[in-house]
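Per-entry structural report
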Amino acid sequence: MTKTQQRILMGNEALGRGIVEAGVTMAASYPGTPASEILAAVVTFAKETGADLYAEWSVNEKVAFEVALANSMCGRRSAVSMKQVGLNVASDPFMRAAYLGVKGGLVVIAADDPGPHSSQTEQDSRFFAMFAKVPVLDPSSPREAKDMVAQALELSERYGLPVMVRPTTRVCHARQNVPCGPLLRLNRPARFDKDPRRWCATPVFVLSLHRELNDKIDKIAGAPEFAPQLTAGDGSYPGACVIASGVAFAHTGDWLEELGLLGRVDFFQVTMPYPLNRDFIHQVKIRYQQVLVIEETYPVIELQLADARVQGRTSGLVPREGELTPDVIRPVLESFLKLPARVVPVPAGGGDRPTLCAGCGHRAAFYAIKTAFPGGIFPSDIGCYTLGLNLGAVDTCHCMGAGISQAAGFYRAYAAGGGEFPTIVATIGDSTFFHAGVPALFNAVFHQARFILVILDNATTAMTGHQPTPQAGCTATGEAGHPVFIPDLVRASGAGFIKEADPYDLPAFMDLLRSADAYCRSPAGGVAVVIAKHPCLLDREARQGQPVYSMAVTEACTGCRHCLDDFECPALSLDETDGRVVIDGGRCVGCGVCVHVCPEGAITAAKEGRP
Amino acid sequence: MKQQIIVSGLGGQGALTLTRLLAEAAAAAGLPVITSETHGMAQRGGTVISMIKVGPFRGPLIPAGEADRGLFLHLKNLAVHRFYLREDAAVFINTALSGDYLSVDARSLAAAHGLPPVAANLILLGFAAGKGGLFAGPDLLAEMIAAKTPERFREASLKAFQAGLAAAA
Ligand code: SF4
Ligand code: SF4
């Protein structure tokens, strides 16, 4: 393709397209909502355009960052993408990369989740960029997101710094017509210039590198090309201006237009929230008496304006937390511009909470865990299986890998009294285990903690859209990798009890859990590891490979609700007319697990061949 | 031309497919479009909503009380997402129950046509298009389905759309 063509792209696809068009030769990522679709788009567009690009799903964000960084150190353009909390994991290499700098452009895409919708915090990565002294661009739409990738890479190369692009959920998951153009083909072979004072800077050199970093940031703050863009007013609101960035700028603009105020009040879009343009800060000080700042999610622009007249997140005119939807922005504008209040219909709330899919192997595993150990403590982790909390089989969910270390900590806390300790069962998914579970397990085994670790191995990263894990042996580009096996890792930890089983066979799985508990409590016991293997049912092949039972509920059903409340398969519901449970044939996958759940034996399964 | 549409359903019911098709139809008709979707945890059977804004909009979200059209894949979502609709909005719902909206029993229709339950989404789309309720006509939407659906689902998808159209007649 040589000329520009309009295509409907999701924000994450636009970012992926931007990466390919800008001549990036390496893209690495770890999946996490709302950033997951970026790398898949990179792979698709690279294939489509014949771009020479290496892409990988790394085991975690820190690894992804370091792999991409090295490509940049060889003078080649690189991209790393992750969700905002992924940047916490990658913060170590990120902070130092600001000091040491880069060669080939390095764009760091950190996708924020104001709200939050799918995250454990609503932290603002722009703040992280400011903390690291790394410039950050803040797109307001998929189209801008794509353009900003190229701008970030140019800026990165000009100043020898990593540059962040920070989209938010509403940009990542928006769809829009986006112009797609030809690729920049840079043809830069890898060339690493040894420079130990820089690439292995010891503390003596760090001070001067810090000075260089400060100089670079000063220069960027003075450069006019990333200064906020003004849609000038006509003097109707003298001395007032509205400053916005990201998708909050888009929603504010839509309101101003609808109110007939676009072009009447001075309205700035901040495309680079850090470092905020120096001249702009000065102009705001001398030209305006009333200043409103609308930004997500923390007051990054506000803090740099450092002016008591500024209204926004810190003054309280804008709510201090939460997403800035049009419905949140509207009353802020009404108050600031002294407009009459609009009467708005109020949300009724409600709605269905998410639940594990019908037939999901995790449900069987969780049911077994909580039934086998009624007084147990169940630390868990991040993935589809966090939904085990609906079943009462997940007591904690903190951050990637934390469940295992928390289990060790819980054990020590209870063991400190010298008395009985409760059975502690940590659950973690296969992808999360690779991400951050491995060091936690090694630590727990070494320190002789006593708990059961259940690794829920469904052969994929299900929650974020089924990215392959290292065990699957298939890379992001669909090529064969050298598989790394979970049982091998567990054996290497030295754990004394390792068993694999399919949780679908509930009675056997519960027996296995009880013997694991006995091991934990035996004199020479320690961490017992159970690998619960059942493939994710959204994998069509896996689903076709398992037997399908034809299910029925007999008259013996007393309507006790045990299977609904404690097992929660979405295919089961209570028929209010006869007070018995019914199975929704459209949702039931015929896994047969609920047979073992009904205390009355009222659920029956007959074997049926696949048609 | 400005039209703001919400598509409300439960994760797994195919709200994203409808969102994508409507966005493609807008682009094919030469109209600017921006949409918003639900991804992540809520996709596991939770309540989800998509928004499609056709016309010169900047942001992807529809404010409360501003949606011109509502496509509901499940009746129980009406109570949850009604507040997005204008008072005079046209509302299309997949349900066997009638009310102050246009209804089509898409699930039974799917079964009657030998289609899987998830085909209800395209039946609902066909129904809404057949009622003349969308910025894009049936022909353009059918063309989009043919062009944007993977080969192995194409025939069933078109069949579902046509069944919805017929139900609107
Ligand atoms: S997507 Fe897979 S792992 Fe997630 S709930 Fe469904 S079956 Fe379970
Ligand atoms: S067999 Fe039982 S547990 Fe399995 S999907 Fe059907 S109703 Fe749910």
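Scope of this entry: the structure provided in the associated data block. This one's a predicted model, so the numbers in the text were calculated from it and none came from an experiment. (Residues numbered from 1 in each chain as written. Chains lettered and ligands numbered in written order. Predicted model: local features only at pLDDT ≥ 70, side-chain atom pairs only at ≥ 80, totals over all residues. Heavy atoms only, no water.)

Some remarks on the site of ligand 1
Quick reminder of the rule: Here a residue counts as near a molecule or strand whenever at least one of its heavy atoms sits within 4 Å of it. Ten residue types, Ala, Val, Leu, Ile, Met, Phe, Trp, Tyr, Cys and Pro, are classed as nonpolar, four, Asp, Glu, Lys and Arg, as charged, and the remainder, Gly among them, as polar.
Ligand 1 sits among Leu356, Cys357, Cys360, His362, Cys384, Asn458, Ala462, Cys536, Leu537 and Leu538 of chain A together with Arg44 of chain B. At ligand 1, the nearby residues belong to more than one chain, namely chains A and B. Residue composition of the shell around ligand 1, by class: eight nonpolar, two polar and one charged.

A short note on the pattern of salt bridges
Quick note on the threshold: Whenever Lys or Arg places a side-chain nitrogen within 4 Å of a carboxyl oxygen from Asp or Glu, that contact is recorded as a salt bridge. Helix numbers and strand numbers start at the N terminus; a helix is a DSSP run of H or I with at least 4 residues, a strand a run of E with at least 2. The cut-offs for exposure are 20% and 50% of the maximum accessible area for each residue type, with area from a 1.4 Å probe on protein chains only; residues under the lower value are buried, those over the upper are exposed, and the others partly exposed.
Under the defined criterion, the tally for this structure stands at 44 salt bridges over all chains. The shortest N-O distance in the salt bridge between Arg175 of chain A and Glu37 of chain B comes to 2.4 Å. Of this pair, Arg175 of chain A sits in strand S8 (residues 174–180) while Glu37 of chain B is found in the loop between strand S2 (33–36) and strand S3 (47–54), placing the two residues in two different chains. One exposure class covers both Arg175 of chain A and Glu37 of chain B, and it is buried. Across the salt bridge formed by Arg491 of chain A and Asp488 of chain A, the nearest N and O atoms sit 2.8 Å from each other. Taken together, the residues span about one helical turn, with Arg491 of chain A and Asp488 of chain A both in helix H18 (residues 486–493) at a distance of three residues. Look at Arg491 of chain A and you get partly exposed, because its relative accessible area is 49%. For Asp488 of chain A, a relative accessible area of 41% gives the class partly exposed.

Details of the sheet that holds strand S19 (residues 528–533) of chain A
All names here are of chain A. Convention followed: Paired strands are those between which DSSP finds at least two bridges. Axis angles are defined between N-to-C directions and span 0 to 180 degrees, where every axis is a line fitted to C-alpha atoms and, for a helix, only to the segment in contact.
Read across the open sheet, the four strands follow the order S16-S17-S19-S18; overall the sheet is parallel. Two strands in the sheet have a free side with no partner beyond their single neighbour: strand S16 (425–429) and strand S18 (497–501). On average, each strand axis in the sheet is inclined to that of its neighbour by 20 degrees, with strand direction left out of account. Direction of pairing for S18 relative to S19: parallel, over a ladder of five bridges. Bridging across to S19, Ile498 finds its partner in Val529.

A word on helix H6 (residues 125–132) of chain A
Counting buried residues in H6 of chain A gives six out of eight residues, a clear majority hidden from the surface. Within two residues after H6 of chain A, Lys133 of chain A carries a phi angle of roughly 60 degrees, on the positive side.

Overview of the site of ligand 2
Near ligand 2 there are 13 residues, and of these Cys569, Cys588, Cys591, Gly592 and Cys594 of chain A occur at the shortest range. Classifying every residue of the shell around ligand 2 gives ten nonpolar, three polar and no charged.

Topic: the packing of helix H5 (residues 91–100) of chain A against H6 of chain A
Residues and elements named next belong to chain A. Keep this limit in mind: Working definition: roughly parallel below 35 degrees, roughly antiparallel above 145 degrees, roughly perpendicular at 65 to 115 degrees, and oblique for all remaining angles. Throughout, a contact is declared for two residues whenever any of their heavy atoms are within 4.5 Å.
Contact geometry for H5 and H6: axes closest at 9 Å, N-to-C directions at 50 degrees. Considering their axes alone, H5 and H6 lie oblique with respect to each other. Taking contact as the criterion, the partners of Ser91, Phe94, Met95 and Ala98 in H5 are, on H6, Phe128, Ala129, Phe131 and Ala132. When the residues that make up the contact of H5 with H6 are grouped by side-chain class, the tally is seven nonpolar, one polar and no charged.

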